[in-house]
Amino acid sequence: MSYLLKSRRESTLHEHESSEEQQAKINEVRELLGDLPTEMPGFLSDATIRRFLRARNWSTVQATKTLKEAVKWRRQYKPEMIRWRASTWSLCQEDLAERENEVKRAYIPDYLDKNGRTVFVTLPSVKQSLTSGKEKIKQLVYNLENFTMSSESAQDNVVWVVDFRGWKLSSTPLAETRQSLNIIQNYYPGLVAVAILCNPPKIFESFWKIVNYFIEPEMREKVKFVYTNNSESQRIMADMFDLDRLECAFGGRNTSGIDIVEYSERMRKRDQVRGASTNANANASSY
């Protein structure tokens, strides 16, 4: 069960690559990227390059290729500009829509797992989405951007917990799922340490067989199925989480739910940190 606490891939890579070797490969990728690190200094930091290298088995060629694709996507999508709405009277193109309803479907709780990793909770069936597929992808990207600031390296730092009770195909359409996987695997590789799928119904099996074709092998290894009425699953969750903080949907004792006012304030504060970092990087690149 140690794979849930620290990924097997992470342990292996640390054994095979010394700090000096890692830095040498980071420097090599910087050279291969040319002027791109000057254009996006905040994104193309050593931590980001290291994360992409790890996700591509320390291949400088593959990491560079993926980073260039990510840079192209970021130029067009501008994920760093997505913000939590400042107020009910302020709404611009980058603000998130229908925030209260969507937060009840996907949010970052105010606790970590027992290994100090960020937790991401999604409950696709708890409420019907009020937003378009485009807006849901935007919500996902906003959360992914937040995950990158959760630690210095942001490597294998997210525990994704999904409640599938009451799931049906309309809860997560296949096209939207494919787009989400493409973004996670190609533009934010190496963030997710483990994805815990809780209580998937029988109907989910057929959907999962199709989705498996679009999941990279290393990501597939991180997906774990748990069932709250199973004693082994209960032990896994108790070893990973403080059950007093963990939501009852996942076998925890927390029944309070999300306070949208508190959550909004927390997200706005995170946006301020992200915005300050973005502005500082923009100023640095102008010299």
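The rules behind these values
Residues numbered from 1 in each chain as written. Predicted model: local features only at pLDDT ≥ 70, side-chain atom pairs only at ≥ 80, totals over all residues. Heavy atoms only, no water. 1 Å grid on protein atoms, 1.4 Å probe; cavity = no way out; pocket = protein on both sides within 12 Å on 5 of 7 lines; lining within 4 Å. Points joined across faces, edges and corners; volume = space filled by probe spheres on them. Nonpolar A, V, L, I, M, F, W, Y, C, P; charged D, E, K, R; others polar. Core = buried A, V, L, I, M, F, W, Y, C linked by side-chain atoms within 4.5 Å. Buried < 20%, exposed > 50% of the residue type's maximum accessible area, 1.4 Å probe, protein only. Contact = heavy atoms within 4.5 Å. Helix = DSSP H or I, 4+ residues; strand = E, 2+ residues; numbered from the N terminus. Phe/Tyr/Trp six-rings, centres within 6.5 Å; stacked < 30°, edge-to-face > 60°. Salt bridge = Lys/Arg side-chain N within 4 Å of Asp/Glu carboxyl O.

**Q** Give a detailed account of the layout of surface pockets, specifying residues and quantitative values.
**A** Considering only enclosed or pocket space, the second largest pocket measures out at about 380 Å³ in volume. Around the second largest pocket, the lining is made up of 20 residues, and of these Tyr107, Glu247, Asn254, Gly257 and Ile258 lie nearest the centre. Among the residues forming the lining of the second largest pocket, the class breakdown is 8 nonpolar, 4 polar and 8 charged.

**Q** Got a sec to walk through the nonpolar core? Specific residues and values, please.
**A** By size, the foremost hydrophobic cluster in this structure holds 70 residues, and its most contacted members are Val161, Ile196, Met237 and Phe241. Apart from the residues lying within four places of it in its own chain, the contact partners of Met237 are Val161, Ile196, Cys198, Val226, Leu243, Leu246 and Phe250.

**Q** Would you mind going over unusual backbone geometry in detail, with residue names and values included?
**A** Of note in the backbone geometry, Trp58 takes a positive phi value of approximately 65° without being a glycine. Examined against the element boundaries, Trp58 turns out to sit in the loop between α5 (46-55) and α6 (60-77). Residue classification places Trp58 among the buried positions, given a relative accessible area of 4%. For Lys78, which is not a glycine, the phi torsion comes out positive at approximately 55°. Note that Lys78 resides in the loop between α6 and α7 (99-103).

**Q** If you had to explain the packing of aromatic side chains to someone new, which residues and values would you point to?
**A** Within the structure shown, the criterion is met by 16 aromatic pairs. Centre to centre, the rings of Trp73 and Tyr188 are 5.9 Å apart; their planes meet at 85°, and the pair counts as edge-to-face. With Trp73 in helix α6 and Tyr188 in the loop between α9 (174-187) and β4 (192-198), this residue pair connects regions lying 115 residues apart in the sequence. Tyr188 carries the same exposure label as Trp73, and that label is buried. Site record: aromatic cluster; members linked through ring pairs are Phe164, Trp167, Phe204, Phe207, Trp208 and Phe225.

**Q** Which residues make up the pattern of salt bridges, and what values go with them?
**A** In this structure the tally under the stated criterion is 14 salt bridges. With its nearest N and O atoms 3.0 Å apart, the salt bridge here joins Asp46 to Arg30. Taken as a pair, Asp46 in helix α5 and Arg30 in helix α3 (residues 19-33) lie far apart in primary sequence, 16 residues in all. Residue Asp46 is classed as partly exposed on the basis of its relative accessible area of 27%. We classify Arg30 as partly exposed; its relative accessible area is 25%. Taking the shortest distance from any N to any O, the salt bridge between Arg268 and Glu265 comes out at 3.4 Å. Here Arg268 pairs with Glu265, and both are found in helix α13 (residues 260-285), just 3 residues apart, close to one helical turn. One salt-bridge network, in which partners are shared between bridges, spans Arg74, Glu80 and Glu145.

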